[in-house]
Amino acid sequence: HLINSEDTALRQRALRVVPSGMWGHLHAAKLPEGYPQFFARGEGAHLWDVDGHRYLDFMCSWGPNLLGHQNQEVEEAAERQRRMGDCLNGPAPVMVELAERLVETLPAAAWAMFQKNGTDATTTCATLARAATGRRKLLVARGAYHGAVPWCSPSLVGVTSEDRAHLVHYRFNDLDSLAQAVAEAGDDLAGIIASAFRHDLAQDQELPSPAFARAVRDACDAKGAALILDEVRAGFRLHAGGSWETLGVRPDLSAWSKAIGNGYPISAVTGAEWLREAASRLFVTGSFWCGAVPMAAALATLGVVLRDDVPGQLARLGQRLRDGLAAGAQRHGIALRQSGPPQMPLVLFDDDIGSRKGDAFCVAMLAHGVYFHPRHNMFLSAAHTEADIDTALAAAEHGFAAVASL
Ligand code: PMP
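Everything quoted here is computed from the prediction, not taken from an experiment. Residue numbers run consecutively from 1 along every chain, following the written order of its sequence. The model is predicted, so local features are restricted to residues of pLDDT at least 70 and side-chain atom pairs to those at 80 or more, both for listing and for counting; the totals for chains, interfaces and linings are taken over all residues.

Brief notes about the domain arrangement of the protein
All domain edges in this entry derive from an automatic or database-based domain assignment. The domain boundaries assigned to the protein delineate domain 1 (5-62 + 309-404) and domain 2 (72-307). For domain 1 and domain 2, the distance between their C-alpha centres works out to 27 Å. Contact between residues is assigned whenever the C-beta positions, reconstructed from backbone atoms, fall within 7 Å. Every contact between the two is made by 16 residues of domain 1 and, on the other side, 18 residues of domain 2. Labels follow the DSSP assignment, with helices taken as runs of H or I lasting at least four residues and strands as runs of E lasting at least two, numbered in each case from the N terminus. The leading source of residues in the side of domain 1 that touches domain 2 is helix 9 (residues 310-331), at three residues.

Looking at the site of the ligand
In this analysis a residue is considered near a molecule or strand if the C-beta atom, reconstructed from its backbone, is found within 6 Å of that molecule or strand. Close to the ligand lie Asn117, Gly118, Thr119, Thr122, Tyr145, His146, Gly147, Ser195, Asp230, Val232, Arg233 and Ser257. In terms of residue count, helix 4 (residues 118-133) provides more of the shell around the ligand than any other element does, three residues in total. When its residues are assigned to classes, the shell around the ligand shows two nonpolar, eight polar and two charged. Under the scheme applied, nonpolar residues are Ala, Val, Leu, Ile, Met, Phe, Trp, Tyr, Cys and Pro; charged residues are Asp, Glu, Lys and Arg; polar residues are all the others, including Gly.

Some words on the sheet that holds strand 8 (residues 226-230)
Taking strand neighbours across the sheet as the criterion, the seven strands line up as 4-10-9-8-7-5-6 in an open arrangement whose pairing is mixed. At either margin of the open sheet sits one strand with a lone partner, and together these are strand 4 (111-115) and strand 6 (167-170). Here the average twist between neighbouring strands, direction ignored, is 20°. Here four bridges tie strand 9 (residues 253-256) to strand 10 (residues 267-271), and the two strands are oriented antiparallel to one another. By the bridge assignment, Ser254 is partnered in strand 10 with Thr270. What makes two strands pair is DSSP finding at least two bridges between them. To obtain an axis, a line is fitted to C-alpha atoms, over the contacting stretch when the element is a helix, and the angle between two such axes runs from 0 to 180 degrees between their N-to-C directions.

Focus on the sheet that holds strand 13 (residues 370-371)
Paired through backbone hydrogen bonds, the strands of a sheet run either parallel or antiparallel to each other. Pairing in this open sheet of four strands is mixed, and the strands run 1-2-3-13 from one edge to the other. The open sheet has two edge strands with one neighbour each: strand 1 (39-43) and strand 13. Relative to strand 3 (residues 54-57), strand 2 (residues 46-49) runs antiparallel, the two being bridged by three bridges. Within the sheet, the bridge partner assigned to His46 lies in strand 3 and is Leu56.

See the structure below:
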């Protein structure tokens, strides 16, 4: 077992001044015992906790670190902008450069607007779909995560039914349920929001079927509603031109965040021409939405993504990890499920009531210096190497042994 005395001391201090010591998805209480809550630093594909343990990181800050922690090109671009200013009385020129770059890169985008968090972007998309259509209903896939405010939070704590009065649910990849929801919304359909792929917590991931993506597009076209693609988690890991490009289906609005600034706080909404006028009428803003440093970081990140085909790199690394884990599980006689795009690995065990197997697997890997998540999809970065994948596979041997001995 790892010695976590500094982490324990910080948690105790936090308990006195922060409700339950931490909030939200990064609360370590949601992870098996032994996982650190506090981190000292990150570099490339590695993280150090406050007790000095080094981990090969497969969460990448839950997505944002696409090129690895402290990527030099991104840090230099951010530093250059920081010397000139970050939070000014209006945007720096880099806002225009970044919007131009996104519009050039994304075939579905005619314009871009910037915010801070993924929730800002998905909420702006929902508001904009309503503003543009003058209608109210928003179709949302049951179980999908689009953020942490009352209209979409997975928690009902503090949420009123009125906050969700105009949501209609459908099942991802299910054409019948989509058709039913469209019929239920009737003439009041403002938009349909879909994740780039299905990545609900602790469930097998599902790529959209071409028929489903087409049906969402057709329904929006038939009703004059907006197809909103939530790219917050998948963006720039699946495809640099947009995650549904390979399906030949283009969204009207896309919400981006996480990876676009390689860890700097920035999100974006990109949209089609027909939504430009409504977007210009909308009042959405925030004190820090014009921050120039995250925009410079995003511009540099996007440059590297395109130059180095980062989605392709991550797909190859992810396949190496997936193949190695599948072979390891088979050697140990363990039934493993890996689903979704290899760039965003999810490892689940069959018959795993209460996540006992997943927890034992991940705790053993953590003890061998590899930070995996037992239930949530993980993230690869361009800082991972084939040697790192092999290091993770060596640690997984200990994980499989732990599962086999349960
Ligand atoms: N949409 C998706 C698909 C996400 O994964 C997330 C974050 N996990 C969000 C929206 C919300 O993003 P944020 O936490 O930056 O508000």
